[in-house]
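What follows is the residue order along each chain.
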Amino acid sequence: MKVLHLDTNHPLLLEQFSQLGFENDEDYESSKEEVENKIHLYDGVIIRSRFTLDQQFLDKATNLKFIGRVGAGLENIDTDHAKRKDIFLASAPEGNRNAVGEHALGMLLSLMNKMGKANREIKKGKWDREGNRGVELDGKTVGIIGYGNMGKAFAKKLRGFDLEVICYDIVGGVGDENARQVGIMEFQQKSDVVSLHVPQTELTVGMVNSEFIDKFHNPFWLLNTARGKCVVTKDLVKALKSQKILGAGLDVLEYEKKSFENMFAKKHKAFKYLRKAKNVLLTPHVAGWTVESKEKLAQTIVDKIQGRFC
């Protein structure tokens, strides 16, 4: 089969596809329109987040048999249309779930112990012990929204702490030995920490808004290593100012584009607040972006495509 690689990835993708007898073409520069004009020549496409594979693109891909998305989410692919055209979709949440779990835990501990604030102050010559007194995770209730690959990985990382882990998911029966599945009312009644691990869908876009936040009984810490558009940033800022949200660890932001371009070009008032807030920790969509996950993501794609077609 002939495969078009639209984003750079771990070299094992090219190497192992070649070993399987696939013909690899790499095109990391052409516009979407230019790619559309030649996509009919290919049996497979490998992509991360360069552009959207929409209905128009897929209709021009008349010979396409598979799409390999080197990452967890499929929101930049018209999955319904791909399925109608019998195109095999291979994503790789198994490849970076451990990285996401570790990143979420690191953000939470850093926030609760004011490590970012303390680090900045000491580097500026300020030594303030009392102002950087932390809060312990033990005894708290951690609530996980979305209990799939990523949510389960985070729950597994929490096993060494003396706390309760609960999860909420629209799919029933997903709880396990690391998290007890509950309804949304109990979730909002008990959670001291809320960690998002959901895909970007019509149901999850804007789900964390003022109405949602106000239903929580306790002030809570918020983590988002999922998708930025799941959180309404202006409502998050309002909750941070009122201390209904004690702090936020955000690896993703509402203002991201699919290819992360021009993040700082526009003046977003709420984003400006987040960048200055001492109780907000920001990272550039790297929760699943480790040395190890780069290889595991690529290997997962190869394994899935090999299992389906070889």
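Residues numbered from 1 in each chain as written. Predicted model: local features only at pLDDT ≥ 70, side-chain atom pairs only at ≥ 80, totals over all residues. Heavy atoms only, no water.

### So, the sheet that holds strand β1 (residues 2–5)
1) Next: Taken together, the 5 strands give an open sheet; going across it, the order is β2-β1-β3-β4-β5, and neighbouring strands pair in parallel fashion. Sheet topology places β2 (23–26) and β5 (88–90) at the edges, where each strand pairs with a single neighbour. Neighbour to neighbour, the strand axes of the sheet diverge by 20° on average, direction disregarded.
2) Next: Here strand β3 (residues 44–47) pairs with strand β4 (residues 66–69) via 4 bridges, running parallel. Among the inter-strand pairings, Val45 is bridged to a residue of β4, identified as Ile67.
3) Next: Of the strands in this sheet, β3, β4 and β5 are in contact with helix α12 (residues 291–309), which crosses β5 at around 155°. (Pairing = 2+ DSSP bridges. Helix = DSSP H or I, 4+ residues; strand = E, 2+ residues; numbered from the N terminus. Axes fitted to C-alpha atoms, helices over the stretch in contact; angles between N-to-C directions. Contact = heavy atoms within 4.5 Å.)

### Details of the sheet that holds strand β11 (residues 245–250)
1) Next: Spatial strand order, β8-β7-β6-β9-β10-β11-β12: 7 strands in an open sheet with parallel pairing. The strands lining the two open edges of the sheet, one partner per strand, are β8 (180–181) and β12 (280–282).
2) Next: Alignment of β11 against β12, held across 3 bridges, turns out to be parallel. If you follow Ala248 over to β12, its bridge partner there is Val280.

### Let's talk about the packing of helix α5 (residues 93–112) against helix α7 (residues 149–157)
1) Next: Close contact between α5 and α7 brings their axes to 8 Å; oriented N to C, the two are set at 50°. Taken together, the axes of α5 and α7 are oblique relative to one another. The hand of the α5/α7 crossing is right-handed. On α7, the residues touching Pro93, Glu94, Asn96, Arg97, Asn98, Val100, Gly101, Glu102, Ala104, Leu105 and Leu108 of α5 are Asn149, Met150, Ala153, Phe154 and Lys157. (Parallel < 35°, antiparallel > 145°, perpendicular 65-115°, else oblique. Left-handed = near helix turned anticlockwise from the far one by under 90°.)

### Notes on a positive patch on the surface
1) Next: Residues Arg97, Lys156, Arg159 and Lys296 make up a contiguous surface patch of positive charge.
2) Next: For Lys156, a relative accessible area of 47% corresponds to the partly exposed category. (Patch = residues over 30% accessible without salt bridge, like charges linked within 9 Å, V, L, I, M, F, W, Y side chains within 5 Å. Areas by Shrake-Rupley, 256 points an atom, 1.4 Å probe, with all protein chains shown as cover. Salt bridge = Lys/Arg side-chain N within 4 Å of Asp/Glu carboxyl O. Lys, Arg positive; Asp, Glu negative; His and termini not counted. Charge placed at Lys NZ, Arg CZ, Asp CG, Glu CD. Buried < 20%, exposed > 50% of the residue type's maximum accessible area, 1.4 Å probe, protein only.)

Worth remembering: the numbers are spatial, not functional.
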